[in-house]
Amino acid sequence: MRLLKYAALALFLLTITLPARAQQKGKWIWLFDGTSLEHWHSYNQDKVIGWMIENGNLTTDGSGGDLTTNQDFGDFDLRFEFKIPPASNSGVFYKVIERPDIKRTVFSGPEYQIIDDLGYIVRNAQGEQIPLLETQKSGANYDLHPPLTDRGFKAPGTWNKGRIVVKGSQVKHYLNGKLVADYEYGSEEWKKKVQESKYRDMPYAEPHHAGKIALQSHNAKEKIWFRNIKIKEL
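Residues numbered from 1 in each chain as written. Predicted model: local features only at pLDDT ≥ 70, side-chain atom pairs only at ≥ 80, totals over all residues. Heavy atoms only, no water.

Draft legend 1. Highlighting the overall build of the chain. When helices and strands are counted, the chain shows 3 helices and 15 strands. In the chain, which comprises 234 residues, the share counted as buried stands at 44%. Total accessible area on the chain stands at roughly 12100 Å², and carbon and sulfur atoms take up 53% of it. (Helix = DSSP H or I, 4+ residues; strand = E, 2+ residues; numbered from the N terminus. Buried < 20%, exposed > 50% of the residue type's maximum accessible area, 1.4 Å probe, protein only. Areas by Shrake-Rupley, 256 points an atom, 1.4 Å probe, with all protein chains shown as cover.)

Structure below.
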């Protein structure tokens with residue numbers, strides 16, 4: 001009995017002395033549960049600007065730029081729900097490096113694309129409307145990897161479920177339960193795609209394991225709503 005007591009005490013002491021990050025691995029953390037923005041701040045700011053809670057949902061008026069987690073994440077399973085009105089465009093970034101010299105989240109982190117695939121209008125330099133590229137459609141690794149399959153994307157005004165899993169160099173995007181992007185971050189194939197993209201001269205082009213999660217705010221006209229955002233470190 002005394003031996004059991006000593007073992008229990010040793011386990012308790014080990015638990016309270018482990019770093020907090022080690023203790024939370026494998027456990028779901030609510031980044032947004034409908035009631036609080038305590039895990040967030042606006043990118044390169046020390047507070048939340050332009051984002052608010054409406055009826056338990058997270059949304060933005062477009063004035064404060066992207067919303068960024070306080071904490072960096074390396075290997076993780078991120079789950080969230082999102083809804084957009086017609087003709088809107090947003091996204092979820094990860095591996096974001098937050099520094100004053102990096103002005104926007106998109107300059108350093110990959111993006112899980114969220115967009116109205118049919119209703120969003122893109123125009124060329126001549127003002128002519130052109131169709132979205134496959135790499136610009138919902139669920140894509142924006143500008144690099146198009147969706148793999150029919151994604152079951154639900155129409156604007158309807159809630160969709162997103163998921164991003166990062167483990168080592170392997171990255172997977174899911175949309176409504178379907179695997180829609182699967183790539184190896186930092187691989188030769190990835191580097192080739194980056195060099196052919198707008199990211200080639202940005203911090204994005206230097207592979208890095210950990211970074212912040214960020215929610216994109218384009219402007220007041222392109223609304224987005226999020227709910228049930230949770231993450232588990234792997």
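Draft legend 2. Spatial organisation of the pattern of salt bridges. Tallied over the entire structure, the rule returns 11 salt bridges. In this structure, the salt-bridge partner of R227 is E81, at a minimum N-O distance of 2.8 Å. On the criterion of sequence distance, the pair formed by R227 in strand β15 (residues 225–233) and E81 in strand β6 (residues 76–83) is long-range, its members being 146 residues apart. What makes R227 partly exposed here is its relative accessible area of 26%. Between E196 and K192 there is a salt bridge, with the nearest N and O atoms lying 2.7 Å from each other. Classification of K192 by relative accessible area gives exposed; the value is 52%. A cluster of three or more residues bridged by salt bridges with shared partners is formed by D72, E98 and K212. (Salt bridge = Lys/Arg side-chain N within 4 Å of Asp/Glu carboxyl O.)

Draft legend 3. Focus on the nonpolar core. If you look at the biggest cluster of nonpolar residues, it comprises 44 residues, and the most contacted ones within it are L78, F80, V92, F226 and I229. The contacts of V92, once residues within four sequence positions are left out, are L78, F80, P110, E111, Y112, I114, I164, I213, A214, L215 and F226. (Core = buried A, V, L, I, M, F, W, Y, C linked by side-chain atoms within 4.5 Å. Contact = heavy atoms within 4.5 Å.)

Draft legend 4. Layout of the confidence of the model for the chain. Model confidence for the chain is summarised by a mean pLDDT of 90, while 90% of its residues fall at 70 or above. Confidence over residues 3–7 falls short of pLDDT 50; this stretch has 0 contacts with residues more than four positions distant or in other chains. (pLDDT = per-residue confidence, 0-100.)

Draft legend 5. Molecular detail of the pairing of strand β13 (residues 178–184). Relative to β13, strand β12 (residues 170–175) is paired through 6 bridges, and the arrangement is antiparallel. If you follow L175 over to β13, its bridge partner there is K178. In textbook terms, the turn of a hairpin is the stretch between consecutive antiparallel strands, and for β12 and β13 this stretch comprises 2 residues, one of which, N176, has a positive phi near 50°. (Pairing = 2+ DSSP bridges.)

Draft legend 6. Seen up close, the environment of V165. Within the secondary structure, V165 is located in strand β11 (residues 160–167). In this structure V165 comes out as buried when scored by relative accessible area, which is 13%. With 88 residues separating them along the chain, V165 and D77 place their C-alpha atoms 4.5 Å apart. Setting aside its immediate chain neighbours within four residues, V165 contacts F76, D77, Q170, V171, K172, Y174 and L234.

Draft legend 7. Molecular detail of the side chain of K95. Looking at the element boundaries, K95 is found in strand β7 (residues 89–96). For the buried K95, which has no salt bridge, the nearest side chain bearing the opposite charge is D75, at an N-O separation of 6.4 Å. (Lys, Arg positive; Asp, Glu negative; His and termini not counted.)

Draft legend 8. Molecular detail of the environment of G162. Among the structural elements, G162 can be located in strand β11. Taking the C-alpha atoms as reference points, G162 and G177, separated by 15 residues in sequence, lie 7.8 Å from one another.

Draft legend 9. Quick peek at unusual backbone geometry. Despite not being glycine, K95 has its phi angle at roughly 60°, a positive value. Of note in this structure, N176 is not a glycine but carries a positive phi near 50°. With respect to the helices and strands, N176 occurs in the loop between β12 and β13. A residue is classified by how much of its surface remains accessible, and N176, at 23% relative accessible area, is partly exposed.

Draft legend 10. Region of interest: the environment of G64. Relative to the assigned elements, G64 resides in the loop between β4 (57–60) and β5 (67–73). Since its relative accessible area comes to 16%, G64 is described here as buried. Linking G64 and W51, residues 13 residues apart in sequence, is a C-alpha distance of 7.1 Å. In this structure, G64 is in contact with S42, I49 and G50, ignoring residues within four places of it in sequence.

Draft legend 11. Examining the sheet that holds strand β14 (residues 211–215) more closely. Taking strand neighbours across the sheet as the criterion, the 5 strands line up as β2-β5-β14-β7-β8 in an open arrangement whose pairing is antiparallel. Sheet topology places β2 (40–42) and β8 (111–115) at the edges, where each strand pairs with a single neighbour. Across the sheet, the axes of successive neighbouring strands diverge by a mean angle of 25°, strand direction being ignored. Pairing of β7 with β14 involves 3 bridges; the strand directions are antiparallel. The residue of β14 that forms the bridge with V92 is L215. (Axes fitted to C-alpha atoms, helices over the stretch in contact; angles between N-to-C directions.)

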